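Inside the fold
Now for the letters of each chain:
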Amino acid sequence: INNGTDDLNGLETHLKLWLDAKKINGKTNTLSDNTKVARWTDISGSANSAYQNDQEDNQPSFEASSESIQFDGIDDNLILGSRYIFANEADGGKTIIVLSESDSSNLNEGYLYYFGDQTGKDISIHFNKNLVSFSTAKDAGGIVISRNISVTTSTLITGHVDFNNEQSLYLN
């Protein structure tokens with residue numbers, strides 16, 4: 001990437017999941033402030049929408065002024081259900097890109113991405129005001145990359161796992 005205007009044009013056709021807070025329902029938002037979000041439509045074309053149908057209490061809220069989704073840091077979450085997103089070996093691995101901002105310093109809050117149901121077999125990105133970490137399946141040769149860092153603005157986080165047991169974590 002050379003940071004030119006057209007550098008990322010080819011990226012969109014390779015995405016498996018794209019959640020855009022400006023297009024929660026798949027098109028321009030018409031949501032009111034503090035509206036609960038039960039479904040966040042995947043605009044990648046792969047039909048991997050995130051949802052929370054179990055309890056309205058666990059649904060994040062839309063914030064109109066910043067066109068963002070606010071998670072309470074306690075129990076708000078969205079899931080992909082059984083629509084797991086795997087990377088093919090020919091793809092060279094899996095890259096997860098997240099733009100986020102955190103108001104919390106609590107180490108128990110801030111999971112942006114979590115995949116897996118057993119310790120050692122999971123992948124996660126954890127982010128709050130004082131910590132950024134990227135964990136990959138330890139049972140498959142993965143590691144935990146953590147950085148104690150003070151973050152007070154929106155941050156672009158990129159985690160990458162390839163099939164040669166290589167993991168990377170990048171911050172803007």
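Here goes a summary of the coordinates provided. Treat the numbers as computed from the prediction; the structure is a model and nothing was measured. (Residues numbered from 1 in each chain as written. Predicted model: local features only at pLDDT ≥ 70, side-chain atom pairs only at ≥ 80, totals over all residues. Heavy atoms only, no water.)

Observations regarding the overall build of the chain
This is how the line gets drawn: Strands are runs of DSSP state E lasting at least two residues, helices are runs of H or I lasting at least four, and both sets are numbered from the N terminus onward. Should any heavy atoms of two residues lie within 4.5 Å, those residues are counted as being in contact. Accessibility throughout is a Shrake-Rupley quantity obtained with a 1.4 Å probe, and a residue counts as covered only by protein chains that appear here.
Helix and strand counts for the chain come out as 0 helices and 11 strands. The N-to-C order of helical and strand elements in the chain reads β-β-β-β-β-β-β-β-β-β-β. By sequence separation, contacts in the chain at least 24 residues apart represent 46% of the contacts at least 6 residues apart. Looking at the chain as shown, the accessible area adds up to about 11000 Å², and 46% of this sits on carbon and sulfur atoms.

Focus on the side chain of S102
Within the element layout of this structure, S102 appears in the loop between β5 (94-100) and β6 (111-115). Here S102 is in contact with F127, N128 and K129, once residues within four sequence places are set aside.

Quick look at the pairing of β5
Here is the rule: Relative accessible area decides the class of each residue, using a 1.4 Å probe on protein chains only: under 20% of the type maximum gives buried, over 50% gives exposed, and in between gives partly exposed. By this definition, two strands are paired if DSSP reports at least two bridges between them.
Along β5, the buried face is formed by K94, I96, V98 and S100; none of T95, I97 and L99, which line the opposite face, is buried. Judged from the 7 bridges that link them, β5 and strand β10 (residues 155-161) form a sheet pairing that is antiparallel. Its bridge partner being in β10, T95 is matched across the sheet by H160.

Things to note about the nonpolar core
Let me state the cut-off plainly: Among buried residues, those of type Ala, Val, Leu, Ile, Met, Phe, Trp, Tyr and Cys that are joined through side-chain atoms within 4.5 Å constitute a nonpolar core.
Judged by nonpolar contacts, I96, V98, Y113, I123, I125, F127, V132, F134, I145, V151, I157 and V161 together constitute the single largest core of 12 residues. Top contributing element to this core by residue count: strand β7 (residues 123-128), with 3 residues. Judged by nonpolar contacts, the second largest core, of 7 residues, contains A21, I24, V37 and A50.

Considerations on unusual backbone geometry
Only a minority of non-glycine residues have a phi that is not negative, and only a minority of peptide bonds are not trans. Positive phi outside glycine occurs at N34, with the angle close to 70°. Structurally, N34 is set in the segment before β1 (39-40). Of the residues examined, N34 reaches a relative accessible area of 57% and is grouped as exposed. Even without being glycine, E67 reaches a positive phi, approximately 45°. Secondary-structure assignment places E67 in the loop between β3 (61-63) and β4 (68-70).

Quick look at a nonpolar patch on the surface
We apply this condition: Grouping into patches uses exposed residues only, defined as over 30% relative accessible area, and leaves out salt-bridged ones; the cut-off is 9 Å for like charges and 5 Å for nonpolar side chains (Val, Leu, Ile, Met, Phe, Trp, Tyr). Any carboxyl oxygen of Asp or Glu within 4 Å of a side-chain nitrogen of Lys or Arg constitutes a salt bridge here.
A grouping of I97, L99 and L156 is seen on the molecular surface, where their side chains present a nonpolar patch of about 300 Å² in accessible area. Of note, L156 is situated in strand β10. By relative accessible area, which is 37% here, L156 ends up partly exposed.

Some words on the environment of Y51
Along the chain, Y51 falls in strand β2 (residues 50-51). With 14 residues separating them in the primary sequence, Y51 and V37 have C-alpha atoms 8.0 Å apart.

Quick word on the environment of S102
With a relative accessible area of 12%, S102 lands in the buried category. In this structure, the C-alpha to C-alpha distance between S102 and G73, residues 29 residues apart in sequence, is 9.2 Å.

Some details on the side chain of Q52
Its location among the elements puts Q52 in the loop between β2 and β3. Under the relative-accessibility criterion, Q52 is labelled buried at 3%. Excluding residues that lie within four positions of it along the chain, Q52 makes contacts with A38, N58, Q59, N77 and L78.

Remarks on the environment of A21
Its place among the elements puts A21 in the segment before β1. A C-alpha to C-alpha distance of 8.2 Å links A21 and W40, two positions 19 residues apart in sequence. If near-sequence neighbours (up to four positions away) are discounted, A21 is found in contact with N29, W40, F62, E67, S68 and I69.

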